[in-house]
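Tertiary structure, described
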Amino acid sequence: MGDQARQAKGGQAKGEQTQKGGPWSETLRSLGFAFVLFLILRTFILQTFYITSGSMEGSLLVGDFLVVNRAAIGGRIPFTQMHVPGYSEPRLSDIIVFDPPHTDEFRLVKRLVGLPGDTLEMRERVLYRNGQPQDEPFVKHVGEPDQGHPSMGWQRDHLLDTVDAARYQPTRDTWGPIEIPEGHYFTLGDNRQMSLDSRYWGLLEEWRVEGRVALIYWSYDRESYRAFPFITEARWGRVGHRPD
C-alpha cells in the first residue's frame, strides 16, 4: 500500500508539473504563430508605406500613411526576384510601390504610365502613349524651367529608329519617343517637375514591383510646428481615402 501511495503521489506531482508548464508552452506557440502570420501578411498580403517627399503631390501628400495591396500583383519572395501569383496584373495609372533599380536604401511610390510594348514620349510636359496624348487630371505642374540631365542618357538605347540617337538631347519636359521592352514598366511622379522617376533612373523591371496603393489610413501635416502634430494636425478628410 505504501508503494502504491507513493506512486500515486508521484503521478499527481508529475501531472501538476505538466499543468504548470502548459500555459507557458501554449503562450510561446501562440506568439510564434502570430509572428509567422504577421510575416506572411506583410510579405504577401498587405504592407504599409509612409510618404516623405512631394513627388506625388496632387495625389499623395507628405505625411500620408498608405496601405499597399501586395496580394493584387503578387508579393515578392524575400531576397529573390520571384513573385507569388497575384489576382491581377499592374494596370495603367496604378500608383505602385517598388524597389527602385538605382538604390537599395528605400522604396519609391510612383504612377505607372507605360506598359511593356508601349511607345512613350513627352512634348512640352504632355505625355503621349502610343502616339496619343494622355488625359492626366492628377498631374501637378510647377513653374520650374525645363532642363536636361546626364542621367537621362539611358533613353538612347530605347529610342525608335526614327530618332537620331547621336543628336538626341532629352529634357525633363521633352523626351522620346522610346519603346518599353517586355518585362519592364515606366513610372512618373504626379508632381512632374519635382519627381525623380523613370525619366532619370530608367525602366522598372517587373520583379521590382511590390504592390498597389490601396488607401490612406492616416495623414497629418508633418511640417507643422504645433505640439504632437501626428494628432493635432491630423488630416481627417484624407483618412480612408483611396487615391486615384
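Residues numbered from 1 in each chain as written. Predicted model: local features only at pLDDT ≥ 70, side-chain atom pairs only at ≥ 80, totals over all residues. Heavy atoms only, no water.

1. What about the overall build of the chain?
When helices and strands are counted, the chain shows three helices and eleven strands. For the chain, the sequential pattern of α-helices and β-strands runs α-β-β-β-β-β-β-β-β-β-α-β-β-α. Looking at the chain residue by residue over its 244 residues, the buried ones come to 41%. Of the contacts made within the chain by residues no fewer than 6 positions apart, 59% connect residues no fewer than 24 positions apart. (Helix = DSSP H or I, 4+ residues; strand = E, 2+ residues; numbered from the N terminus. Buried < 20%, exposed > 50% of the residue type's maximum accessible area, 1.4 Å probe, protein only. Contact = heavy atoms within 4.5 Å.)

2. A few points about the pairing of strand E4 (residues 108-114)
Within E4, seven of the seven residues are buried, leaving the element largely enclosed by the surrounding structure. The pairing of strand E3 (residues 95-98) with E4 spans four bridges and is antiparallel. Across the sheet, the residue bridging to Phe98 is Leu108, located in E4. Pairing of E4 with strand E9 (residues 184-188), which is carried by three bridges, proceeds in the antiparallel orientation. Residue pairing across strands places Gly114 opposite Phe186, the latter belonging to E9. (Pairing = 2+ DSSP bridges.)

3. Focus: a nonpolar patch on the surface
There is a patch of nonpolar side chains on the surface, built from Phe228, Phe230 and Ile231 and spanning about 360 Å² of accessible area. Here Ile231 is to be found in helix H3 (residues 229-232). (Patch = residues over 30% accessible without salt bridge, like charges linked within 9 Å, V, L, I, M, F, W, Y side chains within 5 Å. Areas by Shrake-Rupley, 256 points an atom, 1.4 Å probe, with all protein chains shown as cover. Salt bridge = Lys/Arg side-chain N within 4 Å of Asp/Glu carboxyl O.)

4. What to know about the sheet that holds strand E7 (residues 132-133)
Reading across the sheet, the four strands line up as E7-E6-E5-E8 and stay open at both edges, with antiparallel pairing between neighbours. Here the strands that pair on one side only, and so sit at the sheet edges, are E7 and strand E8 (175-179). Bridging between strand E6 (residues 126-129) and E7 involves two bridges; their strand directions are antiparallel. Its bridge partner lying in E7, Tyr128 is registered against Pro133.

5. Some thoughts on the layout of surface pockets
Put simply, the largest pocket is a space of about 290 Å³. Residue assignment for the lining of the largest pocket shows that the elements contributing at least two residues are strand E1 (46-50) and E4. If one sorts the elements of the lining of the largest pocket by residue count, E4 sits on top with three residues. Here the residues of the lining of the largest pocket sort into nine nonpolar, six polar and two charged. (1 Å grid on protein atoms, 1.4 Å probe; cavity = no way out; pocket = protein on both sides within 12 Å on 5 of 7 lines; lining within 4 Å. Points joined across faces, edges and corners; volume = space filled by probe spheres on them. Nonpolar A, V, L, I, M, F, W, Y, C, P; charged D, E, K, R; others polar.)

6. Notes on the environment of Pro137
Summarising the element assignment, Pro137 is placed in the loop between E7 and E8. When the C-alpha positions of Pro137 and Asp244 are compared, they lie 9.9 Å apart, and in sequence the two are 107 residues distant.

7. Observations concerning the pattern of salt bridges
Taken as a whole and judged by the stated rule, the model has 18 salt bridges. Of the charged contacts, one joins Asp99 and Arg208 as a salt bridge, the two residues approaching to 3.5 Å between their closest N and O atoms. With Asp99 in the loop between E3 and E4 and Arg208 in the loop between strand E10 (204-205) and strand E11 (209-219), this residue pair connects regions lying 109 residues apart in the sequence. Each member of the pair, Asp99 as well as Arg208, is classed as buried. As a salt-bridge pair, Arg125 and Asp173 come within 3.4 Å of each other at their nearest N and O atoms. Linking Arg125 in the loop between strand E5 (119-123) and E6 with Asp173 in the loop between E7 and E8, this pair joins segments that are 48 residues apart in sequence. A relative accessible area of 24% places Arg125 in the partly exposed class.

8. Some details on the nonpolar core
Residues Leu120, Trp175, Ile178 and Phe186 are the most contacted members of the largest nonpolar core, which totals 15 residues. For this core, the elements supplying multiple residues, two or more each, are E5, E8 and E9. In this structure Trp175 touches Leu120, Glu121, Met122, Leu127, Met152, Gln155, Tyr168, Pro170, Phe186 and Arg199, once residues within four positions along its chain are discounted. Core analysis: the next-biggest nonpolar cluster, separate from the first, contains eleven residues, Met56, Leu66, Val68 and Ile216 among them. (Core = buried A, V, L, I, M, F, W, Y, C linked by side-chain atoms within 4.5 Å.)

9. Considerations on the sheet that holds strand E2 (residues 64-69)
Spatially, E1-E2-E11-E3-E4-E9-E10 is the arrangement adopted by the seven strands of the open sheet, whose pairing is antiparallel. Here the strands that pair on one side only, and so sit at the sheet edges, are E1 and E10. With six bridges connecting them, E2 and E11 associate as antiparallel partners. Paired with Asp64 across the bridge in E11 is Ser219.

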